[in-house]
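# Inside the fold
So you can see what is in the structure, the chains are spelled out below.
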Amino acid sequence: MMQETKKSISYKTLGSRAANGWNKLIITITGIQTNAYLYFSRLALFRKVIL
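Please read all numbers here as calculations on a predicted model, not as lab measurements. (Residues numbered from 1 in each chain as written. Predicted model: local features only at pLDDT ≥ 70, side-chain atom pairs only at ≥ 80, totals over all residues. Heavy atoms only, no water.)

## Points about the overall build of the protein
- For the protein, the count of helices and strands is 1 helix and 0 strands.
- Only carbon and sulfur atoms are counted for the fraction: they give 69% of the accessible area of the protein, which is about 5,200 Å². (Helix = DSSP H or I, 4+ residues; strand = E, 2+ residues; numbered from the N terminus. Areas by Shrake-Rupley, 256 points an atom, 1.4 Å probe, with all protein chains shown as cover.)

In structure tokens, the structure reads:
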């Protein structure tokens, strides 16, 4: 009985860790995309000013 609860707890912690990892990854990807978008929009603005 004790063994089973330990197993389920470890599975839960593993699951939450995996979820946290995915969340961090998604946040990082969206952050990079946002930065790239801002960078390119600034670049376009720059070109318009120069040309």
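Continuing now.
## Digging into the UniProt feature "transmembrane region" (unreviewed entry) in the protein
- Summarizing the sequence annotation, UniProt attributes the feature "transmembrane region" (unreviewed entry) to residues 21–40 in the numbering used throughout.
- Taken as a whole, residues 21–40 contains 100% helix and 0% strand, while its terminal C-alpha atoms sit 28 Å from one another. (UniProt positions renumbered as here; feature names shortened; annotations may be inferred.)

## What to know about the packing of aromatic side chains
- Following the criterion strictly, the structure yields 1 aromatic pair and no others.
- Seen from their ring centres, Tyr39 and Phe40 are 5.5 Å apart, and the 65° between their planes marks the pair as edge-to-face.
- Given the relative accessible area of 51%, Phe40 is considered exposed. (Phe/Tyr/Trp six-rings, centres within 6.5 Å; stacked < 30°, edge-to-face > 60°. Buried < 20%, exposed > 50% of the residue type's maximum accessible area, 1.4 Å probe, protein only.)

## Quick word on a nonpolar patch on the surface
- Together, Trp22, Leu25, Ile26 and Ile29 give the surface a local cluster of nonpolar side chains, amounting to about 420 Å² of exposed area.
- Locating Ile26 in the fold gives a position in helix 1 (residues 2–50). (Patch = residues over 30% accessible without salt bridge, like charges linked within 9 Å, V, L, I, M, F, W, Y side chains within 5 Å. Salt bridge = Lys/Arg side-chain N within 4 Å of Asp/Glu carboxyl O.)

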